[in-house]
Each structure stands twice: as structure tokens, then as C-alpha cells.
Amino acid sequence: MPESSEDDELSAPFYLGKNKKDLFTQPPFDQPFYRPPESTQELFKHFDQHLMPEDMFGDLPKADTARCYSCMSKFYEAVWPALSHVYKKPMNFTDSCNEEKIDKSKVPYTPCPTICVAMSEEATVGGMKIRGHIRGCLDDLLHNGFNQTIVSWYRWMHRDSCRIYRKRELFKLPPEQSDESSIQVCTCYADYCNSASSSYWPLFWLLFLAITVTLLR
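Residues numbered from 1 in each chain as written. Predicted model: local features only at pLDDT ≥ 70, side-chain atom pairs only at ≥ 80, totals over all residues. Heavy atoms only, no water.

Examining the layout of surface pockets
By volume, the largest pocket amounts to about 510 Å³. Contributions of two or more residues to the lining of the largest pocket are made by helix H3 (75-78), helix H4 (80-83), strand S4 (116-125) and helix H6 (167-170). With five residues, S4 is the largest single contributor of residues to the lining of the largest pocket. Classifying every residue of the lining of the largest pocket by side-chain character gives 11 nonpolar, five polar and five charged. (1 Å grid on protein atoms, 1.4 Å probe; cavity = no way out; pocket = protein on both sides within 12 Å on 5 of 7 lines; lining within 4 Å. Points joined across faces, edges and corners; volume = space filled by probe spheres on them. Helix = DSSP H or I, 4+ residues; strand = E, 2+ residues; numbered from the N terminus. Nonpolar A, V, L, I, M, F, W, Y, C, P; charged D, E, K, R; others polar.)

So, in C-alpha cells, the structure goes:
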């Protein structure tokens, strides 16, 4: 019988080549009465590395995430011991957090699987009113989380929003550790969306109402 040429090997339906091994001539398939193991991992451990590389299937898919800025105004750092039981520490304390357009080189971001949040309030420090800003991912801001009744009622997870809330109710604070102060909270889901100034939101709604009234006339 004539020997097969290299061209014949290349044209064969299951080309193995001279230095290749057939999967089904390797352990454990070469053993009589082979019974597949219960574990797929146990089965694959018998294969040669060049036939079954570890990264063949890649990493598991990751959940969708948005990039949210994570920061607090600088003055929060000075009173952090009094706030640390309520807030989680941001990635940065900086007055760049107060800017209408955040500089990405000065304010870090964090991957967020839920929504981005931008909060602003007027705090009184030493008899002076100071505007403070807090930005971050919904899951990374409060130790006890936000009041889920408010989150659901105002549909934070379903649409962009911007409203003023009482901190005691929103943060679930005990009466003896809180007052009647309020905080403005804007929510959104898009990369870096929590950089917008809250002052844009009232302007947007005024414009929306003006257009609506004009159309109804």
C-alpha cells in the first residue's frame, strides 16, 4: 500500500499533522470501558495544554457598569470623624468636586452596577454657610443605604431625577442624631453623568414647563 503524502494529510477531513495528538487517543479515552467523570473540570485535566488552553473560553461576562465620579468637597474631610458612621469614604476629598465640569485628572471614578448619584447641600460650619457636594455610586455612599421606599417611589432606578429630600428620612437617621436639614439628590445612569451641576436641573424643568404651557394654549 503506498505511503500517504503530506498533501494527503493536509486534505484529510480531520488533519492532525505529524506532531499533533488525537484527543481520543489520550488518557482517559484510551482506557477500555471509559466512563466520563461527573466533573467537567476532572475531564479536562487529562488534556495536553496545547489542546486545551486554560484561557480558551475567556473570563465570565461582567455586569454592565457605569463610571461614576467618587468625591466629596474638601471641608467634609475636616469633620469626617463625625460623618464616617453615616457616609462611606469617597475615593477623594477635593474642592474639584464642587466644579460644574469635573476634571477627570483630579477626580477619580468608580465602576457602578446601579446608578450614579450627585448630592449637594448647604452646611453651616463656624457660622458660615458652605455648599458641599458628594458624588458617587448609589451602593458606595451610605453605610445603611438610602430609604428604599423613597428610591422606589421616585423611580431612581428607572429614570434620571433631581429632587430635594429631608436627610433624616432619606438617610434613615435617628431623630436624636439629625435635624430637619435637606439635601438635593440627582440620579442618573451613564458614564460620568454625576458631574453635572444641580443648578442645571431647575432650569431644565422651568424650560420644560414653559414649553408645555405654550403648547396647551
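Comments concerning the packing of aromatic side chains
Tallied over the full model, the rule gives nine aromatic pairs. Their ring planes at 90° and their centres at 5.7 Å tell us that Tyr109 and Tyr192 sit as a pair that is edge-to-face. In this pair, Tyr109 sits in strand S3 (residues 109-112) while Tyr192 sits in the loop between strand S7 (182-188) and helix H7 (200-216), placing the two residues 83 residues apart along the sequence. Taking relative accessible area as the criterion, Tyr192 reaches 17% and is therefore assigned buried. Ring geometry for Trp156 against Tyr165: centres 5.8 Å apart, planes inclined by 65°, an arrangement best described as edge-to-face. We note that Trp156, like Tyr165, is buried. Connected via pairs of aromatic rings, a cluster forms that spans Tyr87, Phe146, Tyr154, Trp156, Tyr165 and Phe171. (Phe/Tyr/Trp six-rings, centres within 6.5 Å; stacked < 30°, edge-to-face > 60°. Buried < 20%, exposed > 50% of the residue type's maximum accessible area, 1.4 Å probe, protein only.)

Things to note about the environment of Gly136
Structurally, Gly136 can be placed in strand S5 (residues 128-137). Residues Gly136 and Ser195 lie 59 residues apart in sequence; the distance between their C-alpha atoms is 9.8 Å.

Brief notes about unusual backbone geometry
The backbone of Arg155 shows a phi angle near 55°, a positive value even though the residue is not glycine. The topology assignment puts Arg155 in the loop between helix H5 (148-153) and strand S6 (161-166). Look at Lys172: it is not a glycine, yet its phi comes out positive at around 55°. Summarising the element assignment, Lys172 is placed in the loop between H6 and S7. By relative accessible area, which is 42% here, Lys172 ends up partly exposed.

Description of the sheet that holds S6
A sheet is described by the order of its strands in space; here five strands give the open sequence S2-S5-S4-S7-S6, paired in antiparallel fashion. Here the strands that pair on one side only, and so sit at the sheet edges, are strand S2 (71-72) and S6. Sheet topology note: the S4/S7 ladder contains five bridges and is antiparallel. Of the residues in S7, the one forming a bridge with Val117 is Thr187. (Pairing = 2+ DSSP bridges.)

Some points on the pattern of salt bridges
Enumeration according to the criterion identifies five salt bridges in this entry. A salt bridge links Arg166 to Glu169; its shortest N-O distance comes to 2.5 Å. Look at Glu169 and you get partly exposed, because its relative accessible area is 37%. In this structure Arg166 comes out as partly exposed when scored by relative accessible area, which is 37%. Counted as one network, the salt bridges with shared partners bring together Arg166, Arg168, Glu169 and Glu180. (Salt bridge = Lys/Arg side-chain N within 4 Å of Asp/Glu carboxyl O.)

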